[in-house]
Amino acid sequence: MHRILFASLLIFFAFKAVAQPVPAIDENLPHLVTFGNMGDRAWGDDDYCQVIFFSVPKSHTDPIFIRVYDPDTGGELDEQKGEWDTRMTFSIYGGKGACTNEDAKRINLKGNYNSGTMLATKSFAANPRYDKDWYTFGPINPSEGEFLPDEYGGYVFKVLVQGVSGDDGNLYNFFLSRKSTENLAVEGAFAFYYKYKFRLHDNQSEISHIYPFIDDKVQSIKQSNFDWDNDGIIRIISVAKNGETLKVSGDNEWSKSLHNIHPSERNTSYDMQIIKSKSSRINNNNVVIYLENQYGELIEFYSVPIGGIPKYKYSIGMKPKTIRN
Ligand SMILES: [Ca+2]
Ligand SMILES: [Ca+2]
Ligand SMILES: [Ca+2]
């Protein structure tokens, strides 16, 4: 992200408590999802991992806690295939390179993806103790994060989730907290991610959102989504787009589409609205999505839209009127 701009956006836009859970409140997604490494890809996870970054503002000096809801794989929320035999590792990284290493921002766990210093790790199988309950990492000193004040306003932590055995689906949520025993927001903190894997609502009337930030070097985006099961539409609302749709994938396949950026969209967020199919009811739908710019670099999604939720401006998006003879 453009350094100076980000600092100014942080001043303009105070991140509120809504930025602390992942998925975020504004996203309206029920859970993140990751499968064990023997999972059937057709169930909605292409490579059995997830990477989430948290930024803690440099002004925050008290310890932080990274809490995971339902970290185990087993029980009501999770997706069972045969026996519950899935083990998943959650690891937290800070220090130099945790975020800035290029391998940490790719679509695959290749190279030095686990860059930085491992601060904590724990693996979970099926465990009723954590079923619909929280596990807490920490206390963590914020200064153990990678210090990136210009790019992200403070200290950045990387959370790596890896399915290390089994074939079941793990559904879970995060919360960045000031307390170990409850969810109390760290003011000014937020999360971001490059390749996002989540569960859609079963309820067809729910609308979910993801918020990529279009920085000043983006000319076009190529979106890729996996195993969407043709479940409705994904559309872009921005200052210049009033519902441009992304190509949505079917079962166990990728779909890609290219979207040009209007100059007025630079340094604004997109509201990518996820609207479920009204005609066919699709339950337990796990999906994957990522965006690349014209250089093939991944574009960040933010847990809250940087600069606020964009509103379509008719004057920008207006097409010339057709001239009739
Ligand atoms: Ca779970
Ligand atoms: Ca299983
Ligand atoms: Ca799916």
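In what follows, the structure referred to is the one given above.
Right, let's walk through the structure included here. From a predicted model like this one, the values you see are computed outputs, not experimental measurements.

Turning our attention to the overall build of the chain. If you tally the helices and strands in the chain, you get 3 helices and 21 strands. Taking 20 Å as the expected radius of gyration for a compact globule of 325 residues, we find that the chain reaches 19 Å, a close match to that expectation. Judged by the C-alpha coordinates and their principal axes, the chain covers about 75 × 45 × 35 Å. Put simply, the chain has 325 residues, and 45% of those count as buried. If you take every contact in the chain between residues at least 6 apart in sequence, the share linking residues at least 24 apart comes to 82%.

Moving on, we get to the environment of Lys 313. Along the polypeptide, Lys 313 turns up in the loop between strand S21 (301-302) and helix H3 (314-317). Along the sequence, Lys 313 and Asp 45 sit 268 residues apart, while their C-alpha atoms lie 36 Å from each other.

The next thing to look at is unusual backbone geometry. The amide bond that connects Val 22 to the next residue, Pro 23, takes the cis arrangement and shows omega of 0°. Along the chain, the position of Pro 23 falls in the loop between strand S1 (21-22) and strand S2 (31-35). Here the residue pair Gly 138 and Pro 139 is connected by a cis peptide bond, since its omega of 10° sits within 30 degrees of zero. Note that Pro 139 resides in strand S7 (residues 134-140). Even without being a glycine, Tyr 48 presents a positive backbone phi close to 60°. One can find Tyr 48 in the loop between S2 and strand S3 (49-57). Here the phi dihedral of Asp 229 falls at roughly 60°; this positive angle occurs in a residue that is not glycine.

The buried fraction of strand S4 (residues 64-69) is high, at 5 of 6 residues. Inspection of the sheet shows S4 paired to S7 by 5 bridges, in the antiparallel sense. Bridging from a neighbouring strand, Arg 67 pairs with Thr 136 of S7. Pairing of S4 with strand S10 (residues 169-177), which is carried by 5 bridges, proceeds in the antiparallel orientation. Its bridge partner lying in S10, Val 68 is registered against Phe 174.

Another aspect to go through is the nonpolar core. In this structure, Phe 54 and Val 159 are the most contacted members of the largest nonpolar core, which totals 77 residues. Contact partners of Phe 54, with chain neighbours within four places excluded, come to Ile 66, Phe 157, Val 159, Leu 176, Ala 189 and Ala 191.

This paragraph deals with the pairing of strand S20 (residues 286-292). Counted residue by residue, S20 has 6 buried out of 7 residues, so it is predominantly covered. Sheet topology places strand S12 (residues 195-199) next to S20; 5 bridges connect them, and they run antiparallel. Along S20, the bridge assignment pairs Tyr 196 with Ile 289. Pairing analysis gives 5 bridges linking strand S14 (residues 220-226) to S20, with the strands arranged antiparallel. Residue Asn 225 lies in a different strand from S20, and its bridge partner there is Ile 289.

What follows covers the environment of Pro 139. Accessibility expressed as a C-beta count within 10 Å gives 13 for Pro 139, which makes it partly exposed. Measuring from C-alpha to C-alpha, the distance between Pro 139 and Leu 171 comes to 24 Å, with 32 residues separating the pair along the chain.

Along the chain, Glu 265 turns up in the loop between strand S17 (254-260) and strand S18 (268-269). For Glu 265, a count of 22 C-beta atoms within 10 Å corresponds to the buried category. Counting along the chain gives 45 residues from Glu 265 to Pro 310, while the straight-line C-alpha distance between them is 9.4 Å. Excluding residues within four positions of it along the chain, Glu 265 makes contact with Ile 214, Ser 238, Val 239 and Ala 240.

Calculation notes
Along each chain, the written sequence defines residue order, and numbers are assigned to residues from 1. A letter from A marks each chain and a number from 1 marks each ligand, given out in the order of writing. Thresholds applied to this predicted model are a pLDDT of at least 70 for local features of residues and 80 or more for the giving and counting of side-chain atom pairs; totals over whole chains, interfaces and linings are not thresholded and use all residues. Runs of E in the DSSP output that reach at least two residues are strands. Runs of H or I that reach at least four are helices, and both are numbered from the N terminus. The quantity called the radius of gyration is restricted to C-alpha atoms. Its globule counterpart is 2.2 Å times the number of residues to the power 0.38. With C-beta atoms placed from the backbone, a residue counts as buried when 20 or more other C-beta atoms lie within 10 Å of its own, as exposed when 12 or fewer do, and as partly exposed for counts between those limits. Placing C-beta atoms from the backbone, we regard two residues as in contact once those atoms come within 7 Å. Pairs of strands are assigned from DSSP output, requiring at least two bridges between the strands. When buried Ala, Val, Leu, Ile, Met, Phe, Trp, Tyr and Cys residues are joined through C-beta atoms within 7 Å, the set is termed a nonpolar core.

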